[in-house]
Amino acid sequence: MRIAFFVNAMASEHPGYTTTLLAHEASRRGHEVCYVTPGDFVVCPNDNLCVHARFVPAAARSRTVSKYYKDVQGVADQTRMIGIVDIDVLMLRNDPSEDAIERPWAEDAGIQFGRRAAEAGVLVLNDPTALSQAMSKLYSQSFPRSVRAETLISRFPQDIREFADKHGGNVVLKPLQGSGGQGVFLLDSNSSNLNQMIEAISRDGYVIAQAYVEGADQGDIRLFLMNGRPLEVDGKYAAMRRVNAKGDIRSNIHAGGTAKPAKITQRQLRIAELIRPRLIEDGMFLVGVDIIGDTILEVNVFSPGNLGSCSEMAGVNFASTVLEAIERKLEIAAEFPGHFSNKALAVL
């Protein structure tokens with residue numbers, strides 16, 4: 001198959017990213033891999049959708065991830081225009097929030113052109129129509145209340161102050177848009193700069209105020225779900241515990257958090273089961289769920305990371321399992337042409 005990975009920019013990729021691991025595994029399995037960025041799409045005069053793609057050279061199956069990444073960067077400026085129908089799978093692996101300020105035109109390019117690609121018969125993962133609804137953390141509010149922290153979303157300082165008072169000042173404030181732990185503040189009963197925090201976050205939009213979840217100071221668990229179910233191989237789950245850096249509420253790895261092995265219990269599996277119907281309904285093929293106790297903090301549906309760390313700690317190649325699932329989807333599509341919508345095929 002020919003599989004394209006849609007990313008924010010070639011320069012911002014990294015050898016340890018989940019995208020790199022998936023692309024490397026696809027190449028290792030003999031598939032043709034290319035990369036696409038927000039400015040690469042072309043709608044031709046005949047209305048056909050085309051794209052300027054960067055093709056990674058084919059190489060021996062023994063090529064390491066680091067060598068593969070060098071090959072990827074080696075073609076960063078080498079594009080070839082092809083029809084979108086010449087791509088079998090388009091994986092949308094960008095982070096829209098990274099483009100929201102500097103390149104607002106690029107923020108939803110993958111979603112907009114991904115829809116056109118799906119209409120042309122390309123398998124687009126995750127489903128672009130549902131991704132458009134997940135452009136902000138408001139998407140998490142669509143999951144059952146029983147697995148969510150009590151939350152207020154507002155730009156009115158008085159609303160937020162009243163919510164904080166209700167919870168004894170123990171709340172977390174963060175922007176509705178954004179990711180990676182950016183702009184996250186933890187309040188407690190001794191906090192005296194609430195107004196400044198609200199002002200800082202609300203400059204860029206709405207403020208999320210969440211009741212503090214007990215145990216958050218110990219970090220969270222990142223659990224990967226594929227086709228609506230926990231990603232598992234031989235009884236080992238694609239999961240890890242992300243432990244906060246000292247004095248920091250954020251457990252995101254690139255914000256200073258540390259990755260440690262996680263034991264997945266019936267509590268986490270129950271949460272996964274409760275949110276599965278919505279993920280299936282939305283065609284969310286691969287997502288990362290951040291959990292503390294019985295509570296979901298966030299569901300990353302765009303570019304969930306740390307699959308490599310999960311694989312290393314479990315001693316399992318989870319990327320191979322993900323690629324096997326994609327290959328199976330294409331086999332089903334070929335056997336039953338036109339029978340499944342993109343959204344349905346995404347989670348089969």
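Just so it is clear, the structure is predicted and the values come from calculations on it, not from any experiment.

*Asks:* Just to check I follow, could you spell out the environment of Ile-221 for this structure?
*Replies:* Relative to the helices and strands, Ile-221 resides in strand β12 (residues 220-226). Overall, the relative accessible area of 3% leaves Ile-221 in the buried class. Residues contacting Ile-221, with those up to four places away along its chain left out, are Met-240, Arg-241, Ala-262, Lys-263, Ile-264, Gln-268, Val-289, Asp-290 and Ile-291.

*Asks:* Would you mind going over the nonpolar core with me for this structure?
*Replies:* Across soluble globular proteins, you tend to see nonpolar side chains buried next to one another. Core analysis: the biggest nonpolar cluster contains 42 residues, and Met-284 and Val-301 have the highest contact counts within it. Discounting chain neighbours no more than four positions away, the residues touching Val-301 are Asn-126, Leu-131, Ala-134, Tyr-139, Met-284, Leu-286 and Val-287. With 38 residues, the next largest nonpolar core counts Val-89, Val-316, Leu-345 and Ala-346 among its residues.

*Asks:* Whenever I open this one, the pairing of strand β2 (residues 32-36) confuses me. Can you help?
*Replies:* A regular strand places its side chains on the two faces of the sheet in alternate fashion. Along β2, four of the five residues are buried, which leaves the element largely enclosed by surrounding structure. Two strands pair when backbone bridges link them, and strand β1 (residues 2-6) and β2 are joined in this way by five bridges, in the parallel orientation. Bridged to Arg-2 within β2 is Glu-32. Where the polypeptide runs from β1 across helix α1 (residues 18-28) and back to β2, its parallel neighbour, the crossover connection is right-handed. Where β2 meets strand β4 (residues 49-55), two bridges bridge the pair, whose relative direction is antiparallel. Paired with Tyr-35 across the bridge in β4 is Arg-54.

*Asks:* How should I be thinking about a nonpolar patch on the surface in this particular structure?
*Replies:* A grouping of Phe-336, Phe-340 and Leu-348 is seen on the molecular surface, where their side chains present a nonpolar patch of about 230 Å² in accessible area. Topologically, Leu-348 is positioned in the segment after α10 (342-346).

*Asks:* What is the right way to read the pattern of salt bridges from this model?
*Replies:* Should their charged atoms come close, side chains of opposite charge can pair. Under the definition given, this model contains 15 salt bridges. One salt bridge connects Arg-276 with Glu-273, and the closest N-O pair in it is separated by 3.0 Å. Of this pair, Arg-276 and Glu-273 are both found in helix α7 (residues 266-281), three residues apart, which corresponds to roughly one turn of the helix. Residues joined by salt bridges that share partners form a network here, namely Glu-25, Arg-28, Arg-29 and Glu-327.

*Asks:* Sorry, what's going on with empty space enclosed by the protein here?
*Replies:* In this approach a probe as big as a water molecule rolls over the atoms, and the regions it shows empty are the leftover space. Enumeration according to the criterion identifies four cavities of 30 Å³ or more in this entry. What the second largest cavity holds in volume is close to 100 Å³. Forming the boundary of the second largest cavity are Lys-137, Ser-140, Gln-141, Arg-148, Ala-149, Thr-151, Lys-174, Ile-208, Gln-210, Ile-296, Leu-297 and Glu-298. It is strand β19 (residues 295-300) that provides the largest number of residues to the lining of the second largest cavity, a total of three residues. For the lining of the second largest cavity, the class distribution of residues is four nonpolar, four polar and four charged.

*Asks:* Sorry if this is basic, but what is going on with the sheet that holds strand β8 (residues 151-154) here?
*Replies:* Sheet architecture is open: four strands sit in the order β8-β11-β9-β10, paired in antiparallel fashion. Each edge of the open sheet is held by one strand with a lone partner, namely β8 and β10 (185-186). Relative to strand β11 (residues 207-211), β8 is paired through four bridges, and the arrangement is antiparallel. Note on β11: the bridge partner recorded for Ile-153 is Ile-208. Its contacts with the sheet put helix α5 (residues 157-166) on β8, β9 (171-175) and β11, and the angle it makes with β8 is roughly 165°.

*Asks:* What is the right way to look at the confidence of the model for the protein chain in this model?
*Replies:* Reading fine detail from the predicted coordinates is not recommended where pLDDT is low. Per-residue pLDDT for the protein chain averages 91, and the proportion of residues at 70 or more is 93%. Note on residues 247-255: pLDDT under 50 across the span, and 27 contacts to partners over four residues away in sequence or across chains.

Cut-offs and rules
Residues numbered from 1 in each chain as written. Predicted model: local features only at pLDDT ≥ 70, side-chain atom pairs only at ≥ 80, totals over all residues. Heavy atoms only, no water. Helix = DSSP H or I, 4+ residues; strand = E, 2+ residues; numbered from the N terminus. Buried < 20%, exposed > 50% of the residue type's maximum accessible area, 1.4 Å probe, protein only. Contact = heavy atoms within 4.5 Å. Core = buried A, V, L, I, M, F, W, Y, C linked by side-chain atoms within 4.5 Å. Pairing = 2+ DSSP bridges. Right-handed = clockwise from strand over helix to strand, strands pointing away. Patch = residues over 30% accessible without salt bridge, like charges linked within 9 Å, V, L, I, M, F, W, Y side chains within 5 Å. Areas by Shrake-Rupley, 256 points an atom, 1.4 Å probe, with all protein chains shown as cover. Salt bridge = Lys/Arg side-chain N within 4 Å of Asp/Glu carboxyl O. 1 Å grid on protein atoms, 1.4 Å probe; cavity = no way out; pocket = protein on both sides within 12 Å on 5 of 7 lines; lining within 4 Å. Points joined across faces, edges and corners; volume = space filled by probe spheres on them. Nonpolar A, V, L, I, M, F, W, Y, C, P; charged D, E, K, R; others polar. Axes fitted to C-alpha atoms, helices over the stretch in contact; angles between N-to-C directions. pLDDT = per-residue confidence, 0-100.

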